[in-house]
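Descriptive analysis of the structure
Residues per chain are reported as follows:
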Amino acid sequence: RGLIVVLTVFLQLMPCYAGYINNRWVGNVQYSEPLKDSNGEYKVTIENVDGTSMSIPSSVTLTYYDADNDTTTDYECYVYYVTIPVHVETVSVSSAGKLYSVHTLSGPLKLKSISCEGDFTVLSLSSCPSLEEVSLAGAIKEISFNRCNLLTSIAIPSGVTGMSFLRCSSLKSVTILSG
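Residues numbered from 1 in each chain as written. Predicted model: local features only at pLDDT ≥ 70, side-chain atom pairs only at ≥ 80, totals over all residues. Heavy atoms only, no water.

Quick look at the environment of His 87
- For His 87, the position within the fold is in the loop between strand E7 (71-84) and strand E8 (90-96).
- For His 87, a relative accessible area of 29% puts it in the partly exposed group.
- Through-space distance from the C-alpha of His 87 to that of Thr 52 is 6.0 Å; in sequence the pair is 35 residues apart. (Helix = DSSP H or I, 4+ residues; strand = E, 2+ residues; numbered from the N terminus. Buried < 20%, exposed > 50% of the residue type's maximum accessible area, 1.4 Å probe, protein only.)

Remarks on the pattern of salt bridges
- Enumeration over the complete set of coordinates arrives at 2 salt bridges.
- When the shortest N-O distance is used, the salt bridge between Lys 98 and Glu 41 registers 2.5 Å. Taken together, the residues span a long stretch of sequence, with Lys 98 in the loop between E8 and strand E9 (101-104) and Glu 41 in the loop between strand E3 (35-36) and strand E4 (42-49) at a distance of 57 residues.
- Looking at Lys 98, the relative accessible area reads 36%, which means it is partly exposed.
- You can call Glu 41 partly exposed: its relative accessible area is 30%.
- Lys 112 is the salt-bridge partner of Glu 89, the closest N and O atoms lying 4.0 Å from each other. Of this pair, Glu 89 sits in the loop between E7 and E8 while Lys 112 sits in the loop between E9 and strand E10 (113-126); the two residues are 23 residues apart in sequence, bridging distant segments of the chain.
- What makes Glu 89 partly exposed here is its relative accessible area of 26%.
- Residue classification places Lys 112 among the partly exposed residues on the basis of a relative accessible area of 42%. (Salt bridge = Lys/Arg side-chain N within 4 Å of Asp/Glu carboxyl O.)

A word on the nonpolar core
- Judged by nonpolar contacts, the single largest core of 38 residues is most densely connected at Ile 114, Leu 123, Leu 125 and Phe 145.
- Contact partners of Ile 114, with chain neighbours within four places excluded, come to Ile 84, Val 91, Val 102, Leu 123, Leu 125, Leu 131, Glu 133, Val 134 and Ser 135. (Core = buried A, V, L, I, M, F, W, Y, C linked by side-chain atoms within 4.5 Å. Contact = heavy atoms within 4.5 Å.)

Describing the confidence of the model for the protein chain
- Considering every residue of the protein chain, the mean pLDDT works out to 77; 80% of them sit at 70 or more.
- Note on residues 1-26: pLDDT under 50 across the span, and 38 contacts to partners over four residues away in sequence or across chains. (pLDDT = per-residue confidence, 0-100.)

Considerations on the environment of Glu 76
- If you trace the backbone, Glu 76 turns up in strand E7.
- Through-space distance from the C-alpha of Glu 76 to that of Val 60 is 6.0 Å; in sequence the pair is 16 residues apart.
- Discounting chain neighbours no more than four positions away, the residues touching Glu 76 are Tyr 42, Val 60 and Thr 61.

Next up, the structure:
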């Protein structure tokens, strides 16, 4: 009886865990609870991922268990906000224009490379002392790099309206593409 009470409390406190991205199992990925936006579409935030590589698709299929109502619901969602975990080394972002932000929290992170294609608003990488390779394509509006000590060069895609590079001690070349 005590075990049932403990499990019930744990399930009520646990955020949404999903291992399906576009109906394919990829391991433990932690998302926020799906939220409905003003257009009636569901959006989620990727908060954590197991392993050293993460691929961020344009949309996801989530299976969410609601402990309060004892129900399981499938959501077709788009990814809105991504936090890169400390242990991840490679990130690939593919967005269809609904992603708002890809960012890091306090580090130092193990991130070595990031590839971003598609349209989104903010890319903010801080405390990435191992970051060497950045590939940007699409219409990213703002980029920010802070304490990315191994980054030596970067090409900025057209459409970027704001950029900053703070304490990137090895940065020697910034190429700003036309437009």
